Amino acid sequence: MSHRNHLWVAGLAVIAISLAGCQQSTKSQATSSGSQSSQASQSSTKKAESAASASSSNNTAATMKNYQVPASEKQKKSYVKSGLLTIPGEFSYDKAGTKLTLKKKQNSTRKTASTGLSYQMISTKMITNSAKTSAAKQMAEQAFNVTTIANPYQTIQINFKINNQLDQDVRTDGINKVVFNGTNTATSASGLSDSSAGQTIKAHQTRTFHAMVLTGTADTTVTKLAIQFSGSFSANGEKRSSSPKTLDVALN
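The structure displayed is predicted, hence computed values, not measured ones.

Pairing between the strands of a sheet is mediated by backbone hydrogen bonds and can be parallel or antiparallel. The strand order across the open sheet built from 4 strands is S8-S7-S12-S15, with neighbouring strands paired in antiparallel fashion. This sheet does not close on itself; its edge strands, each paired only once, are strand S8 (184-186) and strand S15 (247-250). Neighbouring strand axes in the sheet, compared pairwise and without regard to direction, differ in orientation by 20 degrees on average.

Position of Gly-89 among the secondary structure elements: in the loop between helix H5 (71-74) and strand S1 (91-93). In the structure, Gly-89 is positioned 11 residues away from Ser-78 in sequence and 6.5 Å away in space, judged by C-alpha atoms. Beyond its immediate sequence surroundings of up to four residues, Gly-89 is in contact with Ser-78, Thr-101 and Leu-102.

A few words now on the sheet that holds strand S10 (residues 199-201). Taken in spatial order, the 4 strands line up as S10-S6-S13-S14 in an open sheet, and their pairing is antiparallel. Taken across any chain shown, the strands that pair with only one partner, and hence form the sheet edges, are S10 and strand S14 (239-241). Bridging between strand S13 (residues 232-233) and S14 involves 2 bridges; their strand directions are antiparallel. Residue pairing across strands places Phe-233 opposite Lys-239, the latter belonging to S14.

Another point: the pattern of salt bridges. Two side chains carrying opposite charge are able to pair once their charged atoms lie near each other. By the definition in use, this model includes 5 salt bridges. Residues Glu-141 and Lys-137 are paired through a salt bridge, measuring 2.6 Å at the closest nitrogen-oxygen approach. Within this pair, Glu-141 and its partner Lys-137 are both found in helix H6 (residues 134-143), separated by 4 residues, close to a single helical turn. With relative accessibility at 24%, the residue Lys-137 sits in the partly exposed group. With a shortest N-O distance of 3.9 Å, Lys-202 and Asp-169 are connected by a salt bridge. A residue pair is termed long-range when its members are at least 10 positions apart, and Lys-202 in the loop between S10 and strand S11 (206-217) and Asp-169 in the loop between strand S5 (153-164) and strand S6 (170-172) qualify at 33 residues. We classify Asp-169 as partly exposed; its relative accessible area is 37%.

One finds Ile-158, Phe-160, Ile-175, Val-178, Leu-225 and Ile-227 to be the most contacted residues of the largest nonpolar core, which totals 26 residues. Going through the elements one at a time, strand S4 (117-131), S5, strand S7 (175-180), S11, strand S12 (224-229) and S15 are the ones with two or more residues in this core. With sequence-adjacent residues up to four places away left out, Val-178 is seen in contact with Ile-158, Asn-184, Thr-185, Ala-186, Leu-192, Val-213, Leu-225, Ala-226 and Ile-227. If you look at the next biggest cluster of nonpolar residues, it comprises 12 residues, including Val-80, Ala-143, Ile-149 and Tyr-153.

On to the confidence of the model for the protein. For the protein, the mean per-residue pLDDT works out to 82, and 75% of the residues sit at or above 70. Confidence drops under a pLDDT of 50 for residues 1-40, and excluding neighbours within four residues, the segment shows 85 contacts in the predicted structure. Scored below 50 in pLDDT, residues 51-59 makes 39 contacts in the model with residues more than four places away or belonging to other chains.

One pass over the full model with this rule turns up 6 aromatic pairs. Ring geometry for Tyr-79 versus Phe-91: centroids 5.6 Å apart, planes at 45 degrees, classification tilted. Separated by 12 residues along the polypeptide, Tyr-79 in the loop between H5 and S1 and Phe-91 in strand S1 bring together distant segments of the chain. By the burial criterion, Tyr-79 is buried, and Phe-91 matches it. Grouped by ring-pair contacts, the aromatic residues Tyr-67, Tyr-79, Phe-91 and Tyr-93 constitute a single cluster.

Definitions and cut-offs
Residues numbered from 1 in each chain as written. Predicted model: local features only at pLDDT ≥ 70, side-chain atom pairs only at ≥ 80, totals over all residues. Heavy atoms only, no water. Pairing = 2+ DSSP bridges. Helix = DSSP H or I, 4+ residues; strand = E, 2+ residues; numbered from the N terminus. Axes fitted to C-alpha atoms, helices over the stretch in contact; angles between N-to-C directions. Contact = heavy atoms within 4.5 Å. Salt bridge = Lys/Arg side-chain N within 4 Å of Asp/Glu carboxyl O. Buried < 20%, exposed > 50% of the residue type's maximum accessible area, 1.4 Å probe, protein only. Core = buried A, V, L, I, M, F, W, Y, C linked by side-chain atoms within 4.5 Å. pLDDT = per-residue confidence, 0-100. Phe/Tyr/Trp six-rings, centres within 6.5 Å; stacked < 30°, edge-to-face > 60°.

Right, here's the structure in full:
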């Protein structure tokens, strides 16, 4: 587990300007009450929608100027300045200059489980990403750990929650891999950005997370996902539960 966590910290801890506060936001998402959970989830999910951009260093993120959205874009009814993209056709811009357009949204309640842990889908979002600056394109390549990325490109945002039914805190390595269309695989090594990797879930706590999967060019057709979650570990790395059965999700 430690090796994978180190890779994630090195490659994704300096994630997209819009995702820079993602882990802190996610950590606040312990669902002790319905209303607090919903608000935290929406805030964190909004940050994740632009997870396709990543900075190569914290200094880059700190010094880069925010992208100025063209006035002609701001005047469009489908432009969302802040808040979640909820209706297909709506679009927004991240701070680096990537235009994100929602193609599809699909809610889901599919579940899988392992000893003491349950994993439940919330929704998927298919997003077209168009990098308007070279910096935005480079950030996306770094976020997904790929040499070059098509522009525009497509991502699928996976929103899910993990419930720890055990009497002790556990750590999770998040999603091991996502196979889409039966043959294409995304992992933390290439194509997958996952906010749950390395996170602690306290005893009898539910936490909401999200992951972004790079699926290819903007016109790529994706009809199904096979999501393989990791098991859980104690703080000192002792195994607490095995990986659950793969969660299959059909995309309409």
